[in-house]
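A structural walkthrough
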Amino acid sequence: MQDEKRPAERKTLDERNRMTELQRIRHSCAHIMATAVTRLWPDALLDIGPPTDEGFYYDFDVQSHRFSPEDFAKIEEEMKKVVKENQEP
């Protein structure tokens, strides 16, 4: 894991144009999840969070909390709030 938060690297327009619609959705979902987790646990450090063939993921380092299955509903609820904000891509 990295030692400090770094800004998310934006894909270039060319990179985005080469992505399939499903890849774009998965890419966006990874960023939405990262936003939700960092809102719930502000000390969360982000590493990588790419879309995959099966979905998406993000690696987190959270010193104040150990993730458990009970956290998934909380994260999902926060993700829904992020989506409703309709943030700029």
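Below or above, wherever it landed, is the structure these notes cover. (Residues numbered from 1 in each chain as written. Predicted model: local features only at pLDDT ≥ 70, side-chain atom pairs only at ≥ 80, totals over all residues. Heavy atoms only, no water.)

Before going further, it helps to examine the side chain of Asp 71. Its place among the elements puts Asp 71 in helix 3 (residues 71-84). As a buried residue without a salt bridge, Asp 71 has its nearest oppositely charged side chain in Lys 74, at a separation of 4.0 Å. A polar contact of 2.8 Å, which involves the side chain of Asp 71, links it to the backbone nitrogen of Ser 68. When residues no more than four places from it in sequence are discounted, the contact partners of Asp 71 are Trp 41, His 65 and Arg 66. (Helix = DSSP H or I, 4+ residues; strand = E, 2+ residues; numbered from the N terminus. Buried < 20%, exposed > 50% of the residue type's maximum accessible area, 1.4 Å probe, protein only. Lys, Arg positive; Asp, Glu negative; His and termini not counted. Salt bridge = Lys/Arg side-chain N within 4 Å of Asp/Glu carboxyl O. Polar contact = N/O pair within 3.5 Å; in protein donor to acceptor, adjacent residues only side chain to side chain. Contact = heavy atoms within 4.5 Å.)

Three or four residues apart is the spacing at which side chains of an α-helix point the same way, because the helix has 3.6 residues per turn. Under the 1.5 Å per step criterion, the end-to-end length of helix 2 (residues 21-40) is 29 Å for 20 residues, consistent within 8% with the ideal 28 Å. Listed as buried for helix 2 are Arg 26, His 27, Ala 30, Ile 32, Met 33, Ala 34, Ala 36, Val 37 and Thr 38. Each element contacted by the buried residues of helix 2 is listed here: strand 1 (45-46), strand 2 (60-61) and helix 3. (Expected span 1.5 Å × (residues − 1).)

In total, this model carries 3 aromatic pairs according to the counting rule given. On the numbers, 5.2 Å between centres and 90° between planes, the contact of Trp 41 with Phe 67 is edge-to-face. Of this pair, Trp 41 sits in the loop between helix 2 and strand 1 while Phe 67 sits in the loop between strand 2 and helix 3; the two residues are 26 residues apart in sequence, bridging distant segments of the chain. Using a relative accessible area of 8% as the deciding quantity, one classes Trp 41 as buried. By relative accessible area, which is 33% here, Phe 67 ends up partly exposed. In this structure an aromatic cluster arises from ring pairing among Trp 41, Tyr 58, Phe 60 and Phe 67. (Phe/Tyr/Trp six-rings, centres within 6.5 Å; stacked < 30°, edge-to-face > 60°.)

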